Amino acid sequence: MWASCRNLGLDEIEKRIKNGDEYIIRFRSEGNAERKIKHHDVVKGNIDFPENDQDIVLIKSDGLPTYHFAHVVDDYLMRTTHVIRGDEWLSSLPVHIQLFQALGVKLPKYAHVAPIMKEEDGARRKLSKRKDPEAAVEFYAKEGIPSESAQEYLLNIANSNFEQWRRQNKNASIDEFELVLNKMSVSGALFDMVKLLDISKNVISRYSKEKVYEEVYKWSTEYDLDLKKLLEDNKEYSLKVLGIERGNEKPRKDIAKWSDIKENIEYMYDDRFLSKDINYEYQNIKEKNEVQKVIKTYLDKYFDLSDDKQIWFNKMKDLAEELGYAREVKEYKQNPDNYKGHVGDISTVIRIALTGRANTPDMYEIMQVLGKESVEARLNKAIKE
């Protein structure tokens, strides 16, 4: 597409400028759309384009350069070796190649990256910063998703080998991972919040209790003042709570974002737990007298916080056997008619009585953090309910 003034002589151009006519500066293309250029994109691979035959604008009427011209000049002066940008710029590549060649400077390597996609009503579209909250940094800050989690997720969709690398290097910094551009997907990856939160659970599971406390406290000062106060008023105790099942070979993975924290730890604080009505939803053992019998027998005969974990676990089996439950789950499965249930049913009753919930981190560690008086108060409360 040739410009209408491309064949004006210099005298005519000078005259019009002196007359105050508005003008722009274009690039006079010598390209021919019938001819093809071949180019190797670091992400897309080998691609063919028609030559650029447009007299594109370099300087606008207000004196400012267009992106095309600024890209060539700036990246040359900055000695840029690789230009990584969205693949919506792929169609502009013939223009940029032509400009670099016309200026006689070395062409950088280009890597055109596919956009992140979102599924909506059975179709895929580009993730939009205007329509989609998860496209904004503010969303992650408000939810309390660590930046490291978002980075790991992006690396996961950027390079197909990152997930395997992470499995082999569980505690390594992501800075040690070598991002390879030619391993990026040619088509757009689908944004997956479930996958992101799963990755975030793994990231947070590697944090020390001190780091978790510091990050949660920082987040809560802006987004949850009630949680901030809870942490401030009980710092040393909160560190113990956050340290449950942390630093082990298989650390807890129940926290995906800082906004999950209060729900996951609030039951550990007596002033909140003991002062409210608890809806004890016992599972396999539901008959009230049986529940009370399990809890009371445990308190009267087996409860001792000085026990190590193995002794405690053996006592839970003893309790199960005394009350007519199988010591092992497999024993119950082999002969279900011989038992009321199994040791897992017994421990679930104790867990729910202690915490008001069926799913928690390690119960032995929870009791060690709660302490003798708190455990007794909670179990006695459950007996009375």
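I will try to describe carefully the structure that is included in this document.

1. Quick notes on the overall build of the protein chain
Move 1: Each helix and strand counted, the protein chain has 18 helices and eight strands in total.
Move 2: Over its C-alpha atoms the protein chain spans a radius of gyration of 33 Å, topping by over 25% the 21 Å that the globule rule assigns to 385 residues.
Move 3: Reported as C-alpha extents along the three principal axes, the dimensions of the protein chain are approximately 105 × 45 × 40 Å.
Move 4: Within the span of the protein chain, comprising 385 residues, buried residues form 43% of the whole.
Move 5: Within the protein chain, the 69 negative side-chain charges are centred at a point lying 1 Å from the centre of the 63 positive side-chain charges.

2. Details of the pattern of salt bridges
Move 1: Per the stated rule, a full pass over the model turns up 36 salt bridges.
Move 2: Measuring nitrogen to oxygen at the nearest pair gives 2.8 Å for the salt bridge that ties Arg35 to Glu51. Linking Arg35 in the loop between strand 1 (25-26) and strand 2 (36-41) with Glu51 in the loop between strand 3 (45-50) and strand 4 (57-59), this pair joins segments that are 16 residues apart in sequence.
Move 3: Arg357 is the partner of Glu263 in a salt bridge, and the nearest nitrogen-oxygen pair spans 3.6 Å. Of this pair, Glu263 sits in helix 11 (residues 261-265) while Arg357 sits in the loop between helix 16 (343-355) and helix 17 (363-370), placing them 94 residues apart in sequence.

3. Things to note about helix 16
Move 1: Over its 13 residues, helix 16 extends 18 Å from the first C-alpha to the last, a length consistent with the 18 Å expected when each residue adds 1.5 Å.
Move 2: Within two residues after helix 16, Gly356 carries a phi angle of roughly 80 degrees, on the positive side.

4. Some points on unusual backbone geometry
Move 1: A positive phi angle, near 60 degrees, is found at Arg79, a position not held by glycine.
Move 2: Structurally, Arg79 can be placed in the loop between helix 2 (67-77) and strand 5 (82-86).

5. Focus on the packing of aromatic side chains
Move 1: Considering all chains together, one arrives at 14 aromatic pairs under this definition.
Move 2: Centre to centre, the rings of Tyr237 and Tyr269 are 5.3 Å apart; their planes meet at 80 degrees, and the pair counts as edge-to-face. Linking Tyr237 in helix 10 (residues 235-242) with Tyr269 in the loop between helix 11 and helix 12 (270-273), this pair joins segments that are 32 residues apart in sequence.
Move 3: Classification of Tyr269 as buried rests on a relative accessible area of 2%.
Move 4: On the basis of an interplanar angle of 50 degrees and a centroid distance of 6.0 Å, the ring pair of Tyr298 and Phe303 is categorised as tilted.
Move 5: Counting every residue linked through ring pairs, the aromatic cluster contains Phe162, Trp165 and Phe177.
Move 6: Over the ring of Tyr207 we find Lys211; its NZ or CZ atom is 4.8 Å from the centre of that ring.
Move 7: Sitting over the face of the ring of Phe273, Arg378 holds its NZ or CZ atom 4.2 Å from the ring centroid.

6. Comments concerning the nonpolar core
One broad trend across soluble globular proteins is that nonpolar side chains are buried collectively.
Move 1: Counting 63 residues, the largest nonpolar core has Ile295 and Tyr298 as the members making the most contacts within it.
Move 2: The leading source of residues in this core is helix 16, at seven residues.
Move 3: Counting residues in each nonpolar core, the second largest holds 17 residues, with Leu90, Ile97, Leu99 and Tyr110 among its members.

7. Things to note about a nonpolar patch on the surface
Move 1: Taken together, Leu10, Ile13, Ile17, Tyr23 and Ile25 make up a surface patch of nonpolar side chains, about 480 Å² in accessible area.
Move 2: Looking at the nonpolar patch element by element, the count peaks at three residues for helix 1 (residues 10-18).
Move 3: The topology assignment puts Ile17 in helix 1.
Move 4: You can call Ile17 partly exposed: its relative accessible area is 38%.

8. With respect to the environment of Val113
Move 1: Position of Val113 among the secondary structure elements: in strand 6 (residues 109-113).
Move 2: In this structure, the C-alpha to C-alpha distance between Val113 and Ile383, residues 270 residues apart in sequence, is 61 Å.

9. Digging into the packing of helix 14 (residues 309-322) against helix 17
Move 1: The contact between helix 14 and helix 17 brings their axes to 10 Å, and the two run at 110 degrees. Classified by the angle their axes make, helix 14 and helix 17 are roughly perpendicular. Relative to helix 17, helix 14 is oriented so that their crossing is right-handed. Taken together, the residues of helix 17 that come into contact with helix 14 (itself represented by Lys309, Trp312 and Met316) are Met363, Tyr364 and Met367.
Move 2: Classifying every residue of the contact of helix 14 with helix 17 gives five nonpolar, no polar and one charged.

10. Brief notes about the packing of helix 8 (residues 209-223) against helix 9 (residues 225-233)
Move 1: Across the interface, helix 8 lies against helix 9 with an axial gap of 7 Å and an inter-helix angle of 140 degrees. It follows from the interaxial angle that helix 8 and helix 9 lie oblique. As helix 8 runs across helix 9, the sense of the crossing is left-handed. Here Tyr213, Val216, Tyr217, Trp219, Ser220, Thr221 and Tyr223 of helix 8 lie close against helix 9, whose contacting residues are Leu225, Leu227, Lys228, Leu231 and Glu232.
Move 2: Of the residues contributing to the contact of helix 8 with helix 9, the split by class is eight nonpolar, two polar and two charged.

11. Considering the pairing of strand 5
Move 1: As paired elements, strand 5 and strand 6 share five bridges and run parallel to each other. Bridge pairing in strand 6 places Gly86 opposite Val113.
Move 2: Crossover handedness for the path strand 5 to helix 3 (residues 93-103) to strand 6: right-handed.

What counts, and where the lines are drawn
- Residues numbered from 1 in each chain as written.
- Predicted model: local features only at pLDDT ≥ 70, side-chain atom pairs only at ≥ 80, totals over all residues.
- Heavy atoms only, no water.
- Helix = DSSP H or I, 4+ residues; strand = E, 2+ residues; numbered from the N terminus.
- Rg over C-alpha atoms; globule rule 2.2 N^0.38 Å.
- Buried < 20%, exposed > 50% of the residue type's maximum accessible area, 1.4 Å probe, protein only.
- Lys, Arg positive; Asp, Glu negative; His and termini not counted.
- Charge placed at Lys NZ, Arg CZ, Asp CG, Glu CD.
- Salt bridge = Lys/Arg side-chain N within 4 Å of Asp/Glu carboxyl O.
- Expected span 1.5 Å × (residues − 1).
- Phe/Tyr/Trp six-rings, centres within 6.5 Å; stacked < 30°, edge-to-face > 60°.
- Lys NZ or Arg CZ within 6 Å of the ring centre and 35° of its normal.
- Core = buried A, V, L, I, M, F, W, Y, C linked by side-chain atoms within 4.5 Å.
- Patch = residues over 30% accessible without salt bridge, like charges linked within 9 Å, V, L, I, M, F, W, Y side chains within 5 Å.
- Areas by Shrake-Rupley, 256 points an atom, 1.4 Å probe, with all protein chains shown as cover.
- Axes fitted to C-alpha atoms, helices over the stretch in contact; angles between N-to-C directions.
- Parallel < 35°, antiparallel > 145°, perpendicular 65-115°, else oblique.
- Left-handed = near helix turned anticlockwise from the far one by under 90°.
- Contact = heavy atoms within 4.5 Å.
- Nonpolar A, V, L, I, M, F, W, Y, C, P; charged D, E, K, R; others polar.
- Pairing = 2+ DSSP bridges.
- Right-handed = clockwise from strand over helix to strand, strands pointing away.

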